[in-house]
Amino acid sequence: MKILYLLFAIVFLLFQAAPGSADPLFADTVACRSQRNFCMNGPCPPTFSVSGSCHGGLLNCCSK
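Here's what I pulled together on the structure shown here. Here the structure is a predicted model, which is why all the values come from computation and not from measurement. (Residues numbered from 1 in each chain as written. Predicted model: local features only at pLDDT ≥ 70, side-chain atom pairs only at ≥ 80, totals over all residues. Heavy atoms only, no water.)

The next point concerns the overall build of the chain. When helices and strands are counted, the chain shows 2 helices and 3 strands. Along the chain, from the amino end to the carboxyl end, the secondary structure elements read α-α-β-β-β. Contacts in the chain between residues far apart in sequence, at least 24 positions, make up 24% of those at least 6 positions apart. Total accessible area computed for the chain in this model is approximately 5300 Å², and 68% of it derives from carbon and sulfur atoms. (Helix = DSSP H or I, 4+ residues; strand = E, 2+ residues; numbered from the N terminus. Contact = heavy atoms within 4.5 Å. Areas by Shrake-Rupley, 256 points an atom, 1.4 Å probe, with all protein chains shown as cover.)

Structure below.
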């Protein structure tokens, strides 16, 4: 039974993906994040303004 925990840990590490690696690289998303902005679904927070789009126009690029 103790080997089950070891096998679970090994399987978990083998199939672990880096955060964000599954996201397709859209040109507008790369441009937004390279300017230290972030992408958000819906309106930007009150102290931020929309400076473009992300993910092919589906999200807003929010900047300070």
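Topologically, His55 is positioned in the loop between strand E2 (49–54) and strand E3 (59–63). Those residues within four positions of His55 in sequence are excluded, and the remaining contacts are Phe26, Asp28, Thr29 and Arg33.

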